[in-house]
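An overview of the molecular structure
The residues making up each chain are set out below.
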Amino acid sequence: MTLNKDLTVGRTDLVLWKFSLPLLGSIIFQQLYNIADSLVAGKFVGEHALAAVGNSYEITLIYLAFAFGCNIGCSVIVSQLFGAKSWRDMKTAVHTTFLSSGVLCLILMAVGFFGGPALLRLIRTPEEIFSDSLLYLNIYTAGLIFLFFYNIATGIFSAMGDSRTPFLFLACSSTANIFVDILFVKAFHMGVAGVAWATFWCQSVSCILSLFFLFKRLRNIKTEEKARMFSVKIFKRLALIAVPSIFQQSFVSVGNIIIQSVINSFGASITAGYAAAIKLNNLTITSFSTLGNAMSNFTAQNYGAGKLDRIREGFREGLKMIWVVAIPFAAIYFFAGREAVHLFMDQSTGLAMDTGVQFLRIVSPFYFVVAVKLISDGVLRGTSCMRQFMIDTFADLILRVVLAIVFSARFGVVGIWYAWPVGWIIGTMLSVYFYRTCEWNKKKGRET
C-alpha cells in the first residue's frame, strides 16, 4: 500500500485510513522491538529479569528521545531540500546530520557507561535486580550508534518519499529480534545478557543494511559540485527542528523515570508487573500517537490549501478512526488483562501478575479519552498552534508525575495507576479547548 501524498482531495475518511494504516503497521513493528525483550526475559528467565529489563527501559527512552529528535530534524530538512531539488545541499544535510549525531551519540554513550550505576540508583532500583539492570543498560548503550544511525537513515528514506524501504527493514529486524532473543536465552542460556545482545545484533544489522542502501541511492543522485561534509548553516536549521523535539521527548522520559522510581520503592514484584503492563499500554498509546501524527499531516496540507472546513471534517473522521482502533485494545486489556500480562510471565498468579492486571483494568477504559486528546493534538500541530500543544502535553505529564507521588503516599501503589486517567482527562479537556479556540477555527476556509 502506498501513502496518499495529496491529502487535500478525496473522501476524508478514506484518505485518512489509506494514509494512516501503513504508519500504524510500522509503529507496531517498532513496538515489537520494545516488547520482545521483556516478553522473552519474563517468560524464559524469570520475574527478576523482567523487572530488570523494564527498569532499564525507562532510561533507554532518553536515548530514544535524542534519536527521534535527530530523525525529525533530518527528515524535515532533507524533505525540503529534496522537494526543491537542491541535490548538493540535500547531500550536505545528510552528511551534516550523521556527523553531528555521531558526536551527540558518543557523548550519550559516555554518560551511559560512566553514569549508568548512578542513574539506576537515582530511580531507586531494587538491589535484587540492580546487576541485571546495569548489564542490560550497558549492552544497550554499546549499540546506541546503530540506533541513532538507523533512525536517521529511515528519516532520510521517508524524506525522499520512500516509506516502503524502512518499513521492510523494520518488519524484518523486529521479527528477527524475537527469534534471536529466544535463541540466546533459551538455547544459549545467556539470561538478561542474551536479551540485550539480541537487540544489539539485530539493530546493528538493520543499521548497516539501511546505510548501505541509503548511500547507494544517494550516489545515484548526481550533482555538479561535490557535497560538503559539514555545513554550519544547515546544522543550525537541523538544530532548530531537532532540539525542541528532543526537549519534548526527553521531558516525557524524565517524567516516566520519576514515576518508575516511585514504583521501584514498592519492590521487585511490583516493578515486574508494571514492566509487563506498561509495555502493553505503550503499544496502545504509541499507536494512538501515530494516528495523531497522521492527523497532523492531513491538517497541515489542508491548512496550507486553505481548506479549513475539511480540517474540521477530518477531526470528526479522525475521532471515529482512532476509536475503532481503541476498541480492541480496551476490550482485551480490561477483559483479558491476565492473559495479556501472562505473555511476559511464566506464572499466571502472584503479586507481579496481579499488579499488571490491576494497572490495565484501571487505565484501559480511559483509552477513549486520551484518544481524543491525541487527535486534537494532531490538529494543533498541523495548524502550528505549538504553544497550546506544548501546554496541554506538559500539563498531562506534570499532573501524572505529581499525582503519582501524592496518590502513592495516600493510597499505595494503586494510587499511581489512577494518576494516568486523571492526567489524561485534564489533558484532553485542555487539548479540545485549544482546538476549539485556536485562531484558525474561527475562520471560514475554501470549499472542499
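As a reminder, the structure under discussion sits directly above these lines.
In what follows, the accompanying structure is described. (Residues numbered from 1 in each chain as written. Predicted model: local features only at pLDDT ≥ 70, side-chain atom pairs only at ≥ 80, totals over all residues. Heavy atoms only, no water.)

1. Focus: the packing of helix 4 (residues 127-142) against helix 7 (residues 191-219)
Two elements in contact, helix 4 and helix 7, have axes separated by 9 Å at closest approach and are oriented at 10°. Here helix 4 lies roughly parallel to helix 7, going by the angle between them. Seen from helix 4, the contacting residues are D132, L135, Y136, I139, Y140 and A142; seen from helix 7, they are V192, A193, V195, A196, W197, T199, F200 and Q203. Taken together, the residues of the contact of helix 4 with helix 7 break down into 11 nonpolar, two polar and one charged. (Axes fitted to C-alpha atoms, helices over the stretch in contact; angles between N-to-C directions. Helix = DSSP H or I, 4+ residues; strand = E, 2+ residues; numbered from the N terminus. Parallel < 35°, antiparallel > 145°, perpendicular 65-115°, else oblique. Contact = heavy atoms within 4.5 Å. Nonpolar A, V, L, I, M, F, W, Y, C, P; charged D, E, K, R; others polar.)

2. Points about the environment of R361
When you line up the elements, R361 lands in helix 12 (residues 351-363). For the pair R361 and F334, spaced 27 residues apart in sequence, the C-alpha to C-alpha distance is 4.7 Å. Filtering out sequence-adjacent residues up to four positions away, R361 remains in contact with Y333 and F334.

3. Points about the nonpolar core
Burial of nonpolar side chains together is a common tendency in soluble globular proteins. Judged by nonpolar contacts, the single largest core of 73 residues is most densely connected at F288, F359, Y367, I416, W417 and W420. With 15 residues, helix 9 (residues 268-304) is the single largest residue contributor to this core. The residues contacting F288, other than those within four sequence positions of it, are I322, V325, A326, Y367, V370, A371 and L374. Within the second largest apolar cluster, 59 residues are counted, among which are V78, L144, L238 and I257. (Core = buried A, V, L, I, M, F, W, Y, C linked by side-chain atoms within 4.5 Å. Buried < 20%, exposed > 50% of the residue type's maximum accessible area, 1.4 Å probe, protein only.)

4. Re the side chain of N55
With respect to the element layout, N55 can be found in helix 2 (residues 47-83). For N55, a relative accessible area of 0% translates into the label buried. At 3.5 Å, the side chain of N55 and the side chain of S133 are in polar contact. The contact partners of N55, leaving out residues within four places of it in the chain, are L120, I123, T125, I129, S133, Q260 and N264. (Polar contact = N/O pair within 3.5 Å; in protein donor to acceptor, adjacent residues only side chain to side chain.)

Just distances and angles here, no functional claims.
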